[in-house]
Amino acid sequence: MASITMDNLHKVYTGGVRAVTGINLDIADGEMIVLVGPSGCGKSTLLRMVAGLETISEGTLHIGERVVNNLEPADRDIAMVFQNYALYPHMTVFNNLAYGLKNRGFSKAEIDRRVRDAAEMLEIGAFLDRKPRQLSGGQRQRVAMGRALVREPAAFLFDEPLSNLDAKLRVQMRVEIRQLQKRLATTSLYVTHDQLEALTMADRLVVLNGGQIEQVGTPMDVYSRPATTFVAGFIGSPAMNMLPADYLRSTQASDNLAHLPQAADLIGIRPEDLALETPGDGDLSLTGKLLLLEPAGAESHLHLKFDGLHENMIIRLPHVPSVIEGQALSFTVRRDNLHPFDGATGKRVS
Amino acid sequence: MQTKRMTFSSKWLPYALLAPQVIITVIFFIWPASQALYQSVLRQDIFGLRTEFVGLDNFVRLLNDPLYLNSLNVTFWFSVGTTFLSMSVALLFAVMVNRMIRSRDTYTTFLVWPYAVAPAIAGVLWWFIFNPSIGIMPYMLKGFGYDWNHRSSSTDAMILVIIAAAWKQISYNFLFFLAGLQSIPQSLIEAAAIDGASRMKRFWTIVFPLLSPITFFLMVVNVVYAMFDTFGVIHATTEGGPAQATNILVYKVYRDGFVNLNLGSSAAQSVILMGIVIILTVIQFRYIERRVNY
């Protein structure tokens, strides 16, 4: 058990590519932090820097009380779960789990006890004598988890561990990993590009873009108050609609917009914050033409074209309305559901 | 189930298409092989005037001939030495080259070149390097107090032919080992590093076992090479000497048949060699298909 402190971490590759720039992050003992961002945002690089698989170009990294910048991966007291599981194909499941313990000189009895405990916890006890290729994707995932567990490390590092699983299994493993992590209360750093995984699993969420932190916060914080237009567009599906403030000012009653800061020239509206108009509901009213109705079972996504707006807007309704494409529809939105941004800097203004 | 069946417009076309391969096989394998089988049960008198049928007597004589048994022994050590030397050096090179990033292709190209050198040329090359009177190696070894002479010392001769034969094969082995190393996912090595395995331990417990299918394949290929493709090397360096010390089976077939003109014995020896090739081929197909390790 340990906290992890990143102090101004930089990663510059030979050739000058800057993968990670100036990361400051304090991870409390037992906390589950999810690093999320698009491909190439530096999230995996950052994780690998913590693991010791990439060198740290600048800054200091603490795990617990120790500065670990120059320690080998084996000496950092961490365990990692890889995207492709990285199970040793020529060893049985038992030996896969035992390998790290053997290397550290644990006694045979202790190895046996720990492996069996982990196997029981992950329900892979029946497969201990099998080779990895004889296991299904979900079982391999469990073995990879088991290999991390048996070591009882100070921190778990997860590098997109669920992205090779099918959708159903992914949801199931997501729940299991989170439950396990809560039960063991082991500090965890989890990398994913899947925003749903990020929102559901994190104690705190770190949104990365271009090697920098865009926002850190609890999932609901990040969702309800995105700090930048990037976060607003990345977290939430469908993505947040962005309208020029001028468009709203020209079409809406001015007192509805009075609370918005002058600097805000871009207004974000979540698709689910727009409601089909019923009188007396909401503050602002928008009318557009329905381009496409996408029914998605319990909900539906409406793509609308608004006069004078270049981009289409997406609206999410908790039901499938009986409307036809081409029809003009009016929507309302409450004024505290408007997210004001400065279009030039991309930052939220308050 | 639908069977894929080609239909030809002419009845003769399929035969014509197969003909080149069949003709080559008949002329260069079936014919000489049956000649060898036939010859191996015959014996000529010294002047080549009479030929008589002797059954398996040629084989019986061979297996009781101390020179032939010596040749078997020499071939065994020569194959083992060549295979081990060429494979271990190749593996070492492959591991080193695999660690490079930008210069990898350049090194690979240079390391593959020796493979293009003909066996006889390789033999001459090493003959010069190790020549007791003008060679650079004996000169250097003298500095260490070792008097190299592969013309009189059978150990020196054996070392020379092993080096000359292995040198050429290193390139081939290197390519396979490098490809094998590159197909091992980096994350396995990283996982092992996190699991606390030292560099050496990672190599012997993760990398080497994962290379085992390639190692096994190369072992068979190298043994076959050492036994059958090294005629040129031997011929250009030691010619089987001194005192039969490097007279491997293939070379002995040639010496007995074409120099000493004992056709019956020579044919019997090639039949035995054919048997060995068949066994090695069976081993290769049997086990390679089955992926040795995992």
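No experiment lies behind these values; they were computed from the predicted model shown. (Residues numbered from 1 in each chain as written. Chains lettered and ligands numbered in written order. Predicted model: local features only at pLDDT ≥ 70, side-chain atom pairs only at ≥ 80, totals over all residues. Heavy atoms only, no water.)

Attention now moves to the pairing of strand S3 (residues 32-36) of chain A. Residues and elements named next belong to chain A. Counting buried residues in S3 gives five out of five residues, a clear majority hidden from the surface. Burial of S3 is two-sided: the residues Met32, Val34 and Val36 facing one way and the residues Ile33 and Leu35 facing the other way are all buried. Where S3 and strand S9 (residues 204-209) come together, four bridges link them in parallel fashion. What sits directly across from valine 34, in S9, is leucine 205. (Buried < 20%, exposed > 50% of the residue type's maximum accessible area, 1.4 Å probe, protein only. Helix = DSSP H or I, 4+ residues; strand = E, 2+ residues; numbered from the N terminus. Pairing = 2+ DSSP bridges.)

This part takes up the sheet that holds strand S5 (residues 66-67) of chain A. Residue and element names in this part refer to chain A. Spatially, the four strands line up as an open sheet ordered S2-S1-S4-S5, and their pairing is antiparallel. Unpaired on one side and paired on the other, strand S2 (18-27) and S5 mark the two borders of the sheet. Taken together, the two bridges between strand S4 (residues 58-63) and S5 define a ladder with antiparallel strand orientation. By the bridge assignment for S5, histidine 62 is matched with valine 67.

Looking now at the interface of chain A and chain B. Taken residue by residue, the interface counts 24 residues in chain A and 19 residues in chain B. Buried surface at the junction of chain A and chain B, summed over both partners, amounts to about 1800 Å²; 59% is from carbon and sulfur atoms. Applying the counting criterion to the chain A and chain B interface returns two salt bridges. For B:Asp195, the salt bridge is made with A:Arg151, and the minimal N-O distance between the two is 3.5 Å. Summed over the shared surface of chain A and chain B, the result is twelve residue pairs in polar contact (both at pLDDT 80 or more). (Contact = heavy atoms within 4.5 Å. Buried area = accessible area lost by both parts, 1.4 Å probe. Salt bridge = Lys/Arg side-chain N within 4 Å of Asp/Glu carboxyl O. Polar contact = N/O pair within 3.5 Å; in protein donor to acceptor, adjacent residues only side chain to side chain.)

Okay, a nonpolar patch on the surface next. Residues and elements named next belong to chain B. A contiguous nonpolar surface patch, about 1000 Å² in accessible area, is contributed by Leu18, Val22, Ile23, Ile24, Val26, Ile27, Phe28, Phe29, Ile30 and Trp31. Along the chain, phenylalanine 29 falls in helix H1 (residues 13-39). Here phenylalanine 29 falls in the partly exposed class, since its relative accessible area comes to 45%. (Patch = residues over 30% accessible without salt bridge, like charges linked within 9 Å, V, L, I, M, F, W, Y side chains within 5 Å. Areas by Shrake-Rupley, 256 points an atom, 1.4 Å probe, with all protein chains shown as cover.)

If you look at the biggest cluster of nonpolar residues, it comprises 61 residues, and the most contacted ones within it are A:Met6 and A:Leu189. Of the residues forming this core, the biggest block, eight residues, is contributed by helix H9 (residues 199-228) of chain B. Once you skip the residues sitting within four places of it in the chain, A:Met6 turns out to touch A:Ile23, A:Asn24, A:Leu25, A:Ile27, A:Leu46, A:Val50, A:Thr60, A:Leu61 and A:Leu189. Among the nonpolar cores identified, the runner-up in size contains 45 residues, and A:Ala118, A:Phe156, A:Leu162 and A:Val207 belong to it. (Core = buried A, V, L, I, M, F, W, Y, C linked by side-chain atoms within 4.5 Å.)

Note that side chains of opposite charge can pair when their charged atoms are close. Counted by the stated rule, this structure contains 16 salt bridges over all chains. Across the pair A:Arg48 and B:Glu190 runs a salt bridge, and its minimum N-O distance is 2.6 Å. On the criterion of chain membership, the pair formed by A:Arg48 in helix H1 (residues 43-51) and B:Glu190 in helix H8 (residues 186-194) is interchain, its members lying in two chains. Residue A:Arg48 is classed as buried on the basis of its relative accessible area of 17%. The network of salt bridges with shared partners includes A:Glu110, A:Arg113, A:Arg114, A:Asp117 and A:Glu152.

Further remarks concern the UniProt feature "domain: ABC transporter" (unreviewed entry) in chain A. As recorded in UniProt, the sites labelled "domain: ABC transporter" (unreviewed entry) are residues 4-235 of chain A. Between the C-alpha atoms that bound residues 4-235 of chain A there is a distance of 25 Å. The span itself is 37% helix and 25% strand. (UniProt positions renumbered as here; feature names shortened; annotations may be inferred.)

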